[in-house]
Amino acid sequence: MTGKRSRPRAGGAIRLALLLAVTFVCAYLFGLYSHAREIWPVDIVRQLKKWADPPRADIGRYDPSQRLIAYPGKTEVACPAPAASTAVILAIGQSNAANAGASKVATRYPDRVLNYFDGKCYVAASPLLGATREGGEFLTLLADDLIAAGTYHRVIIIAAAHGGSPVSRWRRNGDLNERLLSTLKALPPGYKVTEVVWHQGEADFELKTSADLYTASFNSLVETLRESGVDAPVFAAIATRCGRAGWTADNPTANAQRATIDNRRIFLGADTDALLGTADRREDKCHLGESGQTKTAASYAQAIKAHRRSP
């Protein structure tokens, strides 16, 4: 009698152990998956870690929307008066347009390449204020390329990209769209965006967003920019590759991105799916490595220079 009663209990214990093991493995694999691609719940975990860790002098401060708002060593300078020879580049999208690059960089033209944020200007250097994370970026290199080529005399960067963000958050009434419009309304008098850099798509590839839905959301974003007085050309990326096995260039997000490029309002800035190899990305095979930052910057710079030269 005693032996018979113990069997169900032993079987239940084994089933519970197996269930716990499977749950642990699934949670671990999902953690690796989400971290590499900057999707939920990475942002939440990162914020929890910041709250749990003791404050350190070499870590920046963030606002509730996860924008970097202060970082040690930033050099504030007077914001220059508007001028026809000054570019005002608005950079939006997800982590590869934010501070997720491998190499932190500083401008070669500290008096001519600036990072504008919250009413103040700073000498451009990674990480840029206004975007998420604290790594490197390609925007400062892009600005330097434009200065070196004589395309502009001065470049002001408005960094507003948000890691892990799908295009739906940037469309009309999306939370990032509303934050973007608030940023534009707060620009100093006379400051007018001259180019928009849009680098985004990896999140939507992972979410399997349809081409039609991606196109509708992107067009909605562009419409809200126009309504806010931004009539600047948009230099968009074809960017969907993020370390996933089984990735192919012919996917709905990339196809939508190609279809939106009309060479009238929307121009190709960088096809990082094709331009960058594994060696150009970080260990996660997603975010930009040092050479990836350089190549991406050069591609956008060439596109902007070509547009500025066109009649």
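Shown above is the structure to which this text applies.
Structural notes, computed from the coordinates. (Residues numbered from 1 in each chain as written. Predicted model: local features only at pLDDT ≥ 70, side-chain atom pairs only at ≥ 80, totals over all residues. Heavy atoms only, no water.)

All right, on to the sheet that holds strand β8 (residues 195-199) then. On the basis of which strands lie adjacent, the open sheet formed by eight strands has the order β3-β6-β5-β7-β4-β8-β9-β10 and mixed pairing. For this open sheet the edge positions go to β3 (76-77) and β10 (266-271), each flanked by a neighbour on one side alone. Here strand β4 (residues 86-93) runs beside β8; their pairing, made up of five bridges, is parallel. Bridge pairing in β8 links Gly93 to His199. Contacts between helix α6 (residues 211-227) and the sheet are confined to β4, β8, β9 (234-238) and β10, with β8 contributing the most and set at about 155 degrees to the helix. (Pairing = 2+ DSSP bridges. Helix = DSSP H or I, 4+ residues; strand = E, 2+ residues; numbered from the N terminus. Contact = heavy atoms within 4.5 Å. Axes fitted to C-alpha atoms, helices over the stretch in contact; angles between N-to-C directions.)

Residues Ser126 and Pro127 are joined by a peptide bond in cis, for which omega reads -5 degrees. Relative to the helices and strands, Pro127 is located in the loop between β6 (120-123) and α3 (139-148). Phi is positive for Lys208, which is not a glycine, with a value near 60 degrees. Note that Lys208 resides in the loop between α5 (202-207) and α6. Phi angles above zero are rare outside glycine, and Lys285 is one such case at about 60 degrees. By the secondary structure assignment, Lys285 is in the loop between α8 (272-275) and α9 (290-309). By relative accessible area, Lys285 is classed as partly exposed at 46%. (Buried < 20%, exposed > 50% of the residue type's maximum accessible area, 1.4 Å probe, protein only.)

One finds Leu139, Leu142, Leu146, Val155, Ile157, Val197 and Tyr300 to be the most contacted residues of the largest nonpolar core, which totals 36 residues. Counting only elements with at least two residues in this core, the list comes to β4, α3, β7 (154-159), β9, β10 and α9. Not counting residues up to four positions away in its chain, the partners in contact with Leu146 are Ile89, Thr151, Tyr152, Val155, Ala301, Ile304 and Lys305. Val88, Leu181, Leu184 and Ala236 belong to the second-largest nonpolar core, a separate cluster that totals 32 residues. (Core = buried A, V, L, I, M, F, W, Y, C linked by side-chain atoms within 4.5 Å.)

These results come straight from atomic positions and should not be treated as a statement about function.
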